[in-house]
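Reading the structure
Residue strings, one per chain:
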Amino acid sequence: MAGGLVSAMWAFLILLILAPSGPLAEAKCKFPAIFNFGDSNSDTGGFWAAFPAQHGPFGMTYFKRLSGRASDGRLVIDFLAQALGLPFLSPYLRSIGSDFRHGANFATLASTVLLPNTSLFVSGISPFSLAIQLNQIKQLKAQALTSKKLGYLPSTSIFSDALYTIDIGQNDFTSNLKSIGSEEVKQSLSQVVNQISWTIKDLYDMGGRNFMVFNLAPVGCYPSFLTELSPSASDLDVYGCMISINNAVVDYNNMLNVALHQTREMLPDASIIYVDTHSVKLGLFQHPKDHGLRYGIKSCCGYGGGEHNFNQEVFCGNSKVINGQNVTAEACADPENYVSWDGIHATEAANKLITMAVLKDSYTNPPFNLSTLCH
């Protein structure tokens, strides 16, 4: 009987994800809100609200317009919100049209866990690091506590009942990868995982009890790094991914898992879930056709064609004169067949598959089956 109930719940969540018109209001789940912290993998418009400049073809698949997301459509955080019957998360930095009654998204493109020591306009790293995002939710809670008319602010009870998601660290890993090499990068990553643990403790002190922390993707399979780093043939596996980089990613993920285990012991009444999206994404890159896709390490939106369709001089949607010719990095006509959208970020099709895997407990530690939390 119990197994049949779980199966029914899982089927219901799949229907929520696949529903073309967005989240269904009648879904009732344990979590009344999501507060998300992260980078471009989960940014629903924060960066482009702070620095308005995004242009097409981003958003072409689902939103049919620019949506502030680094994809052709929805992100994992969007699908997760839909599965829990919640609206898409409003970016905290967006001043027009935001509604925080069901949570907020503090993620911004190019964000790091550690405080950046350089300017956005020099290195491309966002000023909104994890510590800044933590201060932002503290400010949001303070406003909710002092406001007599809540309006579009969250209720004060939501902060203890919400799901807190953390999907950040990729830029800390990759920002100096080309110049100093993966071995030296690994030596600094203990600071990254410690900062994530400290952030969970701060959120716990604010009343948070439910946390999902996403691990790092197999960036050695990203078309951007495969093109920019020009790896030797001996550093490529049979799927065309960089062995050294992906090994370094595994080391980081193991470090993160251990750190979360230690944090879990310090906060025994908190649910701190390690989410292994790395394994899901690696499977998509290595065996795209097994998942209904066609291309693993080739960008949908890019320039140059070939195995990766990526050129570091002209990014998705941009135009530039190269060798005397004006060229444009254009989107493919079938992003639903690709894992990689622009060489760095996933397509909506890949994000949907990732979310469907995460909603089951096969990729979480400890096991955390979200399908049992909805009615």
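Rules used throughout
- Residues numbered from 1 in each chain as written.
- Predicted model: local features only at pLDDT ≥ 70, side-chain atom pairs only at ≥ 80, totals over all residues.
- Heavy atoms only, no water.
- pLDDT = per-residue confidence, 0-100.
- Contact = heavy atoms within 4.5 Å.
- Helix = DSSP H or I, 4+ residues; strand = E, 2+ residues; numbered from the N terminus.
- Core = buried A, V, L, I, M, F, W, Y, C linked by side-chain atoms within 4.5 Å.
- Buried < 20%, exposed > 50% of the residue type's maximum accessible area, 1.4 Å probe, protein only.
- Disulfide = S-S within 2.5 Å.
- Polar contact = N/O pair within 3.5 Å; in protein donor to acceptor, adjacent residues only side chain to side chain.
- Phe/Tyr/Trp six-rings, centres within 6.5 Å; stacked < 30°, edge-to-face > 60°.
- Salt bridge = Lys/Arg side-chain N within 4 Å of Asp/Glu carboxyl O.

**Some details on the confidence of the model for the protein**
Here the protein averages 90 in pLDDT, and 91% of its residues register 70 or above. In the predicted structure, residues 1-10 sits below a pLDDT of 50 and forms ten contacts with residues beyond four places in sequence or in another chain. Contacts from residues 20-27, a stretch scored under 50 in pLDDT, to residues over four places away or in other chains number 13 contacts.

**Thoughts on the environment of I273**
Tracing the backbone shows I273 in strand 5 (residues 271-275). Residues contacting I273, with those up to four places away along its chain left out, are F211, M212, V213, T364, N365, P366 and F368.

**Let's talk about the nonpolar core**
In terms of nonpolar packing, the biggest core is built from 83 residues, with F35, I137, F173 and I196 touching the most fellow members. A total of eight residues in this core trace back to one element, the largest contributor, which is helix 9 (residues 182-205). Apart from the residues lying within four places of it in its own chain, the contact partners of F35 are G103, A104, F106, I137, L140, I158, F159, A162, L163, Y164 and T165. Counting seven residues, the second largest nonpolar core, distinct from the first, contains F58, C300, C332 and Y338.

**Let's talk about the state of the cysteines**
Taken as a whole and assessed by the stated rule, the structure comprises three disulfides. Disulfide pairing places C221 opposite C241 at an S-S distance of 2.1 Å. Disulfide C221-C241: the torsion about the S-S bond is 110 degrees, which places it as right-handed. Here C221 is found in the loop between strand 4 (210-214) and helix 10 (223-228), whereas its partner C241 is found in the loop between helix 10 and helix 11 (243-266), with 20 residues between them in sequence.

**Overview of the side chain of S126**
Structurally, S126 can be placed in the loop between helix 4 (120-123) and helix 5 (130-146). By relative accessible area, which is 0% here, S126 ends up buried. Looking at S126, its side chain comes within polar contact range of the side chain of T108, at 3.0 Å. Setting aside chain neighbours within four positions, we find S126 in contact with T108, L109, A110, S111, P116 and L120.

**So, the packing of aromatic side chains**
Counted by the stated rule, this structure contains 16 aromatic pairs. Arranged with centres 5.8 Å apart and planes meeting at 70 degrees, the rings of F58 and W341 form a pair that is edge-to-face. A residue pair is termed long-range when its members are at least 10 positions apart, and F58 in the loop between helix 2 (46-50) and helix 3 (76-83) and W341 in the loop between strand 9 (338-340) and helix 13 (348-358) qualify at 283 residues. Taking the relative accessible area as the measure of exposure, F58 reaches 12% and is therefore buried. Considering the side-chain rings of Y222 and F285, the 5.9 Å spacing of their centres and the 45 degrees angle between planes classify their relative orientation as tilted. Residue Y222 is located in the loop between strand 4 and helix 10, and its partner F285 is located in helix 12 (residues 277-286); the two are separated by 63 residues in the primary sequence.

**Here we look at the environment of F285**
Of the residues examined, F285 reaches a relative accessible area of 7% and is grouped as buried. Separated by 21 residues in sequence, F285 and R264 have C-alpha atoms that sit 32 Å apart. In this structure, F285 is in contact with P218, C221, Y222, G296, I297 and V339, ignoring residues within four places of it in sequence.

**Brief notes about the pattern of salt bridges**
For the coordinates displayed, the defined rule picks out five salt bridges. The partner of E348 in a salt bridge is R74, with the nearest N and O atoms 3.1 Å apart. Of this pair, E348 sits in helix 13 while R74 sits in the loop between helix 2 and helix 3, and the two are 274 residues apart along the sequence. As far as burial versus exposure is concerned, E348 and R74 are alike and both buried. In this structure, R101 engages D99 in a salt bridge whose closest nitrogen and oxygen atoms are separated by 2.5 Å.

**Regarding the side chain of N309**
With respect to the secondary-structure elements, N309 resides in the loop between strand 6 (295-299) and strand 7 (319-322). Only 3.0 Å separates the side chain of N309 from the backbone oxygen of S299, close enough to count as a polar contact. Not counting residues up to four positions away in its chain, the partners in contact with N309 are K298, S299, C300, C301, G302, Y303 and G304.

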